[in-house]
Amino acid sequence: MSAPATSERAATTRTRLDPAEVPAGLPRWAYLPAVGGGLFVVLPLVAMGTRVDWSNYGGLVTSESARSALALSLQTATASTLLCLVLGIPMALVLARGRFPGQHLLRSLVLVPLVLPPVVGGVALLSTFGRRGLLGESMEVLGLQIAFSTTAVVLAQSFVALPFLVVSLEGSLRTAGERYDVVAASLGASPATVLRRVTLPLVWPGLVSGTVLAFARALGEFGATITFAGSLQGVTRTLPLEVYLQRETDPDAAVALSLLLVAVAVVVIAATHHRGAGGAAR
Amino acid sequence: MTFELTATVPSRGLDVRLDVAAGRTLALLGPNGAGKSTALGLAAGTLRPHDGAITLDGRTLAGARDGRRTAWIAPHRRRVALLAQDPMLFPHLSVRENIAFGPRAQGTTRREAAARADRWLDAIDLADLADRRPAALSGGQAQRVAIARSLAAAPRLLLLDEPMAALDVDVTPALRQTLQHLLAEQTTILATHDVLDALLLADEVAVVDGGRVVERGPTAEVLSRPRSAFAASIAGLNLLSGTWTSDGVATAGGEVVHGHGAPDVALGVAMTAVCRPAAVAVHLDAPHGSPRNTFRATVRSLAPHGDLVRVRTDRLAADVTPGSVAELGLAPGREVWLAVKAAEVDVYPV
């Protein structure tokens, strides 16, 4: 039986509870901090739910500013997820399959936005695309002004979300290995055909989860956006920025919008998780 | 001559010359790490030669002189299919789609590729599994599908790298039979360390050891008259080398081995003497009487060998009954005498 077949079977049995199985390597005391950690994640969300002013909820989340922020958030997060896919899939392929000097260093550099404070990312983007930035000046000559525009929001979100996609996909590519690609090439498939018909289908679950992570990260982006794109209603004020702003003036609205963000995130993850699992079992 | 390979790969310690005629099967026999897979990698295009040339049907697949590439055809344009010990069926495609993969990749229409896949499924007797996923196949079925997939791509050269190694012993005979049938007209190189694969599937054998071809020739000849220690061990024969004297074959250890018949060779010519382990008798004391060849030896290991026990010593291997092992008290480290009748020893020039 081949290796992928067994791993697939392991994945299906893992979800089923088998009363005969005895867990190994699980000390009993681990349950206590594990439960504590679970509460630490769930409790704040529940607490937020208790603070929602349900009687006015509809009005709070359908105000003009809220609707424009939600629409902008969904549009920009979708656009940056697409940008991440266009740039990230080739990056992951090159990092996982290519052989060139400096590969190791490049792999570490790609991770930088992951560990960088988003505000610093915003400053970095401003120094690149800002009016007097590295590329900004020449772009201004061409009539392109990026900073403090919706494009800037997309760039800021892509900057912080890209590593999530690349890391997830590169890991899947490494796990899948090159052996199927070698077989496909020996059957006469060109590299593009191998990518389309073998490599990407095999890493489909990794690609889906990487895309979900990137979308979620883009949707929640705050620091880089406010630094690089500002907070103009309808142009750059995404939902997280709106939440932060409303928190000062109308805490009820902030809580209501926060819940909306949670709901959007849960829906996205549930939808793609379902499709991702379907893709893996195909 | 359709396939010729002359190449060195210093990083893998490989320096070989191979050729296969159209429609023939060449077995690469050798121990693990001998360089068999490296040679196949050169033909498939997963490795580059440092020096040498690889040609198939007049096309130069790869060429290099002193590390500099002089010719290169990408793996997918070579028409060289590779099948390893794992079937490596694409897990996301059905059995039929797997077999149709090669024709599809080479531009055949979907309908024609599926029709071709169905013909191959009939040829391997698995038509009823066409719509299954590879995960639902047994190991033997999966390997048969993998063979059909390789052949459906209509390769000019098929490379088989230990195709039976990962299978249960009870399914290998059936698979060997399938291969025997399907490889009849197919130019093939088969890397194996199993003598049965070579006997049943190959027209010719090249014995590879330490990155070199140490012996080559028609299968029957190499296996019945081995000239290298590896070929002898794989053929299950004891081999002693030496030079021809008026008395017999003088080994480096100073013994003289007597064989049957009188080869017509000059004195001093390098000679090989072989005998079957079953012809070797084991004694605790120096034997008297008819056997002309006796050796003092120390038992190294005992292992089951069919109904018998194979006794390996520092000199020759002997097959004896379990009863004799118990009677003689044979165990590793035991000093014994080995005796072989001259009539059981085959002597020939190297």
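Here the structure is a predicted model, which means the values were calculated and not measured. (Residues numbered from 1 in each chain as written. Chains lettered and ligands numbered in written order. Predicted model: local features only at pLDDT ≥ 70, side-chain atom pairs only at ≥ 80, totals over all residues.)

Engineer: Just checking my understanding: could you explain helix α11 (residues 191-202) of chain A for this structure?
Structural biologist: Quick reminder: α-helices carry 3.6 residues per turn. Residues three or four places apart thus point the same way. Residue and element names in this part refer to chain A. Every buried residue belonging to α11 is among Val194, Val198, Thr199 and Leu202, and all of these are buried. The buried residues of α11 occupy an angular sector of 85° when the element is viewed end-on, so they sit on one face. Those residues of α11 that are exposed and angled more than 90 degrees off the buried face are Ala192 and Arg196. Buried-residue contacts for α11 involve α9 (150-176) and α10 (179-186). (Buried ≥ 20, exposed ≤ 12 C-beta atoms within 10 Å, placed from the backbone. Helix = DSSP H or I, 4+ residues; strand = E, 2+ residues; numbered from the N terminus. Arc of directions from axis to C-beta. Contact = placed C-beta atoms within 7 Å.)

Engineer: Help me out: how do you make sense of the confidence of the model for chain B in this one?
Structural biologist: Regions with low pLDDT carry predicted coordinates that are not meant to be interpreted in detail. Within chain B, residue pLDDT values average 90, and 99% of them lie at 70 or more. For this predicted complex, the interface score ipTM comes out at 0.79, while the overall pTM is 0.78. (pLDDT = per-residue confidence, 0-100.)

Engineer: How should I be thinking about the domain arrangement of chain B in this particular structure?
Structural biologist: How big an interface is tends to be stated in terms of the accessible area lost upon association of its parts. For chain B, the assigned domains read domain 1 (3-226) and domain 2 (236-349). Computed over C-alpha atoms only, the centres of domain 1 of chain B and domain 2 of chain B are separated by 38 Å. (Domains from an automatic or database assignment.)

Engineer: What should I look at first to understand helix α2 (residues 95-105) of chain B in this one?
Structural biologist: In terms of burial, α2(B) is largely enclosed, as 11 of its 11 residues are buried. Listed as buried for α2(B) are B:Val95, B:Arg96, B:Glu97, B:Asn98, B:Ile99, B:Ala100, B:Phe101, B:Gly102, B:Pro103, B:Arg104 and B:Ala105. Each element contacted by the buried residues of α2(B) is listed here: α11 of chain A together with α3 (110-123) and α4 (139-152) of chain B. One or two positions beyond α2(B), positive phi appears at B:Gly107, with a value near 100°.

Engineer: What exactly am I supposed to notice about the sheet that holds strand β5 (residues 59-65) of chain B here?
Structural biologist: What holds strands together in a sheet is hydrogen bonding between their backbones, with the strands either parallel or antiparallel. Residues and elements named next belong to chain B. Read from one edge to the other, the open sheet built from 5 strands follows the order β2-β1-β4-β5-β6, with strand pairing classed as antiparallel. Every interior strand has two partners, whereas the edge strands, β2 (14-20) and β6 (68-72), have only one. Direction aside, the axes of adjacent strands within the sheet are offset by 5° on average. The pairing of strand β4 (residues 51-56) with β5 spans 5 bridges and is antiparallel. For Ile54, the partnering residue across the bridge sits in β5 and is Ala62. (Pairing = 2+ DSSP bridges. Axes fitted to C-alpha atoms, helices over the stretch in contact; angles between N-to-C directions.)

Engineer: Could you clarify how one ought to interpret the interface of chain A and chain B in this entry?
Structural biologist: Across the boundary between the two partners, chain A contributes 20 residues, which contact 23 residues of chain B. Ranked by the residues each element gives to the side of chain A that touches chain B, the list is headed by α10(A), at 6 residues. A per-class count over the side of chain A that touches chain B returns 12 nonpolar, 5 polar and 3 charged. (Nonpolar A, V, L, I, M, F, W, Y, C, P; charged D, E, K, R; others polar.)

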